[in-house]
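# Chain and residue survey
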Amino acid sequence: MQKSAIQEKPHPIDVDMLIVGAGITGLYQLYCARQAGFRAIVVEAGDGIGGTWFWNRYPEARFDSESYTYAYLFSKELFEDWRWTEHFAGQPEIERYLNHVADRFELRQHVRFGAKVTSAVFDEETGTYTVKTSDGSTHITRYLVAATGVLSVPFFPAVPGRDDFIGESYHTGLWPFAPVDFKGKRVAVVGTGSSGIQVIPAIADEVASLTVYQRSPNWCTPLNNRPITIEEQEELRANYQAIKQKLDTSISGFLHEPNDRASTDDNKHERVAFFEKLWASPGFSKMTANYTDFFTNPDLRKEFSEFLAGKIRSIIKDPATADKLIPKDHTYAQKRPPYATGFYEAFNKPNVSLVSLDETPMLRVTQTGIETAAGLEEFDIIVWATGFDFARALHSMGIRGRNGVALEEAWKDGPSTFLGIQAAGFPNLFFPGGPHGAAANNPRYNGDQIDFIMELLRHMREHGYTVVEPTQDAEDEWSNMINSLATYTPFSPEHSYFFGSNIPGKPRKFLLNPAGRGMLFQVMAKSRESKFNTFAMSTVTAAAVSA
Ligand SMILES: Cc1cc2nc3c(=O)[nH]c(=O)nc-3n(C[C@H](O)[C@H](O)[C@H](O)COP(=O)(O)OP(=O)(O)OC[C@H]3O[C@@H](n4cnc5c(N)ncnc54)[C@H](O)[C@@H]3O)c2cc1C
């Protein structure tokens with residue numbers, strides 16, 4: 001009866017689903033929603049498809065997930081037709097891939113570019129959101145999906161005078177379209193995290209001088225990238241089903257074979273031999289294929305870190321520089337480790353130098369350069385490789401839920417979610433790929449969340465429901481699980497941006513799901529079996545519609 005009231009007097013929704021963000025998550029959400037018959041559009045602040053891979057076009061920006069494990073798996077034909085050239089593709093190739101997907105599945109015409117969401121207010125009477133964007137548009141949507149990413153708001157440290165600099169200045173996460181000419185320039189790179197370690201070796205040969213400013217060192221290990229051979233291409237094509245099956249179920253979302261040995265199964269000599277194998281292995285396998293007790297045994301991580309310190313000392317000729325690049329305040333995996341090619345080697349070039357900001361604090365940026373406690377150094381270009389404010393985009397969209405409560409206010413002490421997809425008090429809002437999300441290969445986990453959202457929405461459609469939010473109990477249980485297990489992750493609240501530790505004043509709350517994909521699968525299955533009784537569903541009443 002309630003449902004037919006809606007049909008008699010429709011309220012002015014112009015889409016069933018408005019998705020914010022045209023990254024890998026938003027595109028998949030758009031594809032699924034349209035496949036299921038929902039009128040769905042994407043609004044995107046940027047001028048192109050790709051999200052992370054649209055904004056981060058700095059030299060050597062690339063995957064540290066294997067290309068074919070990051071790519072979409074929903075279409076066998078897409079998987080078979082697209083030929084990745086490298087095991088870890090670079091930004092231009094990834095951006096081409098995502099654009100190819102947008103065209104191949106006719107998604108692009110449903111994306112509005114240059115439209116940043118500035119407010120999204122829930123109307124209890126109609127069960128819809130009124131969404132305003134920076135291009136002056138207003139949309140009324142039944143469902144709002146924020147696919148706004150966790151690494152999409154660049155962070156700049158509060159250094160006085162940053163805007164005074166009259167040379168060229170770039171953040172790696174806001175890189176311009178036109179290639180930056182580094183040739184013969186005096187360049188500063190601030191930051192030695194995941195982006196800094198990629199850009200430093202990429203430009204070291206062509207610049208006149210490169211000064212690297214480091215706040216805190218990271219355990220950088222080799223990416224061990226290489227081209228995909230023709231035989232490997234054929235193997236990938238032939239094994240789509242098996243690869244999909246493995247990636248759909250693996251806890252990490254990678255293809256790496258987990259180790260079946262604990263560190264205690266090997267003696268010291270055998271462990272070193274094994275660490276050598278890991279050093280030569282691709283990307284994240286240093287974590288995912290490490291000993292079975294790697295995440296629970298701090299002594300093992302210490303031993304592995306000592307092995308890595310030895311590697312760093314053996315690569316870098318100047319012992320003082322090597323020492324500055326070796327982390328002393330955390331062991332491997334207490335922070336998200338970066339992977340790169342030739343990072344440590346770059347410091348052997350005569351034109352590359354390192355400034356440790358612990359020893360020599362940065363005082364200010366001037367019109368011509370950077371002034372530290374050691375004096376002023378002049379530059380033509382400053383590159384800010386200073387990372388992101390994790391999951392900030394969702395907070396800053398101006399979302400208001402029931403009773404006009406702002407999401408930003410509700411989460412001032414940290415996020416509270418169910419499954420990292422919804423929050424009580426914010427009906428019909430979903431945020432796959434947001435806080436409490438993947439501690440794994442991103443698209444795999446985000447894809448699981450979207451598949452679940454679609455199941456839920458189909459269930460609602462079949463039963464005539466139009467409004468959904470998690471029960472407070474379900475949300476509390478999930479969020480308490482996150483907060484209590486966070487203490488058992490190797491990640492450190494003092495050092496890891498997964499706790500927001502890189503942002504002054506940000507609450508130190510774990511922002512991922514420490515129990516990982518296994519727990520996500522379990523709780524989703526339970527919810528599904530109970531016909532989604534972890535959610536409160538309702539239908540907009542006739543009175544509300546006509547109001
Ligand atoms: C350099 C780099 C390398 C990475 N490499 C890997 C990797 O190898 N493996 C891995 O698993 N993860 C990696 N990541 C993490 C990466 O962010 C995710 O893999 C993935 O891109 C997330 O996709 P997404 O669609 O959820 O978000 P994003 O790709 O971040 O896209 C979000 C989009 O939302 C838009 N947006 C945000 N707010 C608004 C608003 N208010 N209005 C309109 N639009 C908005 C943004 O403009 C952006 O385009 C990397 C991140 C970076 C920065």
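Figured I'd write up the structure that's included with this text.

Calculation rules
Residues numbered from 1 in each chain as written. Predicted model: local features only at pLDDT ≥ 70, side-chain atom pairs only at ≥ 80, totals over all residues. Heavy atoms only, no water. Helix = DSSP H or I, 4+ residues; strand = E, 2+ residues; numbered from the N terminus. Expected span 1.5 Å × (residues − 1). Buried < 20%, exposed > 50% of the residue type's maximum accessible area, 1.4 Å probe, protein only. Arc of directions from axis to C-beta. Axes fitted to C-alpha atoms, helices over the stretch in contact; angles between N-to-C directions. Parallel < 35°, antiparallel > 145°, perpendicular 65-115°, else oblique. Left-handed = near helix turned anticlockwise from the far one by under 90°. Contact = heavy atoms within 4.5 Å. Nonpolar A, V, L, I, M, F, W, Y, C, P; charged D, E, K, R; others polar. Near = heavy atom within 4 Å. Polar contact = N/O pair within 3.5 Å; in protein donor to acceptor, adjacent residues only side chain to side chain. Areas by Shrake-Rupley, 256 points an atom, 1.4 Å probe, with all protein chains shown as cover. Pairing = 2+ DSSP bridges.

### Re helix 19 (residues 516-529)
If you check helix 19, its first and last C-alpha atoms are 20 Å apart, about what 14 residues at 1.5 Å a residue would give, namely 20 Å. Regarding helix 19, the residues found buried are Gly516, Arg517, Leu520, Val523, Met524 and Ser527. Down the axis of helix 19, the buried side of the element spans an arc of 130°, and every buried residue falls inside it. Among the exposed residues of helix 19, those oriented more than 90 degrees off its buried face are Gln522, Lys526 and Glu529. Positive backbone phi, at 55°, marks Lys531, one or two positions downstream of helix 19.

### Structural notes on the packing of helix 10 (residues 268-279) against helix 12 (residues 298-315)
Put simply, helix 10 and helix 12 touch, their axes get as near as 11 Å, and they point 60° apart. As summarised for this structure, helix 10 and helix 12 are arranged oblique, according to the angle between their axes. For the element pair helix 10 and helix 12, the recorded crossing hand is right-handed. Contacts from Lys268, Arg271, Val272, Phe275, Glu276, Leu278 and Trp279 of helix 10 reach helix 12 at Leu300, Glu303, Phe304, Phe307, Leu308, Lys311 and Ile315. Taken together, the residues of the contact of helix 10 with helix 12 break down into 9 nonpolar, no polar and 5 charged.

### Focus on the site of the ligand
By nearness alone, 33 residues border the ligand, and Thr25, Glu44, Asp64, Ser65 and Tyr70 come closest of all. One nitrogen or oxygen atom from the side chain of Tyr70 is found 2.7 Å from an oxygen atom belonging to the ligand. Computed on the free molecule, the ligand has an accessible area of 970 Å², of which 94% lies beneath the protein chains in the complex. Listed by contribution, the elements that provide at least two residues to the shell around the ligand are helix 2 (24-35), helix 3 (52-55) and helix 17 (442-463).

### Thoughts on the sheet that holds strand 16 (residues 381-384)
The parallel open sheet is built from 5 strands, whose spatial order is 7-16-8-9-12. Two strands bound the open sheet, and with one partner strand each, they are strand 7 (168-171) and strand 12 (352-356). Strand-to-strand, the axes of this sheet are offset by a mean angle of 15°, without reference to chain direction. Of the strand pairs in this sheet, strand 9 (residues 209-214) and strand 12 are connected by 5 bridges, and their pairing is parallel. Counterpart to Leu210 in the pairing with strand 12 is Val352. Lying on the sheet, helix 7 (residues 196-203) is in contact with strand 8 (186-190) and strand 9; it crosses strand 8 at an angle near 165°.

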